[in-house]
Amino acid sequence: GLAQGQHVFVIGAGAIGLLAVLLARNAGASRIGVAARYPHQRAAALTLGATDVFDSDEVTPRSPVARIGWDIVVESVGGTAPTVQQSLDLAVAGGTVLVLGVHQVPVTIATVRIWRDEVNLIGSFGYSRTGARADYEDAIEIVSRYRDEIAALVTNVYPLDRVSDAFATALDKRSGAIKVVVTTD
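Residues numbered from 1 in each chain as written. Predicted model: local features only at pLDDT ≥ 70, side-chain atom pairs only at ≥ 80, totals over all residues. Heavy atoms only, no water.

J.: Help me understand the pattern of salt bridges in this model?
T.: Pairing is possible between side chains that carry opposite charge, provided their charged atoms lie close to one another. The full count for this structure, using the stated rule, is nine salt bridges. Salt-bridge contacts for R42 lead to D55; the nearest nitrogen and oxygen are separated by 3.4 Å. Residue R42 is located in helix 2 (residues 39–48), and its partner D55 is located in strand 3 (residues 52–55); the two are separated by 13 residues in the primary sequence. Judged by its relative accessible area of 23%, R42 falls in the partly exposed class. D55 gets classed as partly exposed once you look at its relative accessible area, which sits at 23%. Between D117 and R116 there is a salt bridge whose closest N-O contact spans 2.9 Å. The partly exposed category is assigned to R116, whose relative accessible area is 48%. Within the structure, one salt-bridge network assembled from shared partners comprises R113, R116 and D117. (Salt bridge = Lys/Arg side-chain N within 4 Å of Asp/Glu carboxyl O. Helix = DSSP H or I, 4+ residues; strand = E, 2+ residues; numbered from the N terminus. Buried < 20%, exposed > 50% of the residue type's maximum accessible area, 1.4 Å probe, protein only.)

J.: Got a minute to help me understand the packing of aromatic side chains in this structure?
T.: Two descriptors summarise a pair of aromatic rings, namely the distance from one centre to the other and the angle between the planes of the rings. All told, the structure shown has two aromatic pairs when counted by the stated rule. Summarising the aromatic geometry, the rings of F9 and F54 are spaced 6.1 Å apart at their centres and angled 35 degrees between planes, so their arrangement reads as tilted. In this pair, F9 sits in strand 1 (residues 7–11) while F54 sits in strand 3, placing the two residues 45 residues apart along the sequence. F54 carries the same exposure label as F9, and that label is buried. Given a relative accessible area of 0%, F9 falls into the buried group. (Phe/Tyr/Trp six-rings, centres within 6.5 Å; stacked < 30°, edge-to-face > 60°.)

J.: Any chance you could explain the nonpolar core here in plain terms?
T.: Side chains that are nonpolar tend, in soluble globular proteins, to be buried together. Judged by nonpolar contacts, the single largest core of 25 residues is most densely connected at V8, V10, L18, V21, V34 and V74. It is helix 1 (residues 15–27) that provides the largest number of residues to this core, a total of six residues. Sequence-distant contacts of V74, that is, excluding residues within four places in its chain, are made with V8, F9, V10, I11, A20, L98 and L100. Counting residues in hydrophobic clusters, the runner-up holds 16 residues, among them A35, A66, W70 and V73. (Core = buried A, V, L, I, M, F, W, Y, C linked by side-chain atoms within 4.5 Å. Contact = heavy atoms within 4.5 Å.)

J.: What should I look at first to understand the environment of K173 in this one?
T.: Tracing the backbone through its elements, the reader meets K173 in the loop between helix 7 (163–171) and strand 8 (179–183). Considering only alpha carbons, one finds K173 and G49, 124 residues apart in sequence, at a separation of 21 Å. Discounting residues that sit within four places of it in the chain, K173 has contacts with Y38 and H40. There is a polar contact of 3.0 Å between the side chain of K173 and the backbone oxygen of A170. (Polar contact = N/O pair within 3.5 Å; in protein donor to acceptor, adjacent residues only side chain to side chain.)

Here it is, written out as structure tokens:
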């Protein structure tokens, strides 16, 4: 539902969050903010089209980040982080929070922003067909348009016999890893 010229904020700069930045850019967002924890994530976000990159600790309800006015906030962290509430706190009245992160614990939120400011809270899983074209057709077109930018997200490649090393690298975000790939070659 992104309209040309809207402001999009992405919480989390792993592979999913960074691809959300690229999709916002492709859809015509005029301002794209990102909350990233590590320097390599901040650099990747800027390369993919972010206009504003913030350290994750800077993103609070009373921070300058919150006063910008974000039409769509994409939560891509999941885990045990309180990022759904953080997303609700950043969205403008009538805005949308899209939850992409998979949470490992029950999520607790204050619903006041949802009912008072009519903030929409939606999730997304997999794909959908909302028009004449399937999501896969759009994805193939976007991947071919931004091939080099997307390829740069693959930071580590391991052979199958080193799969445990691949998982260890992927779990350690300080390693500089964004997307770790295991091959059978």
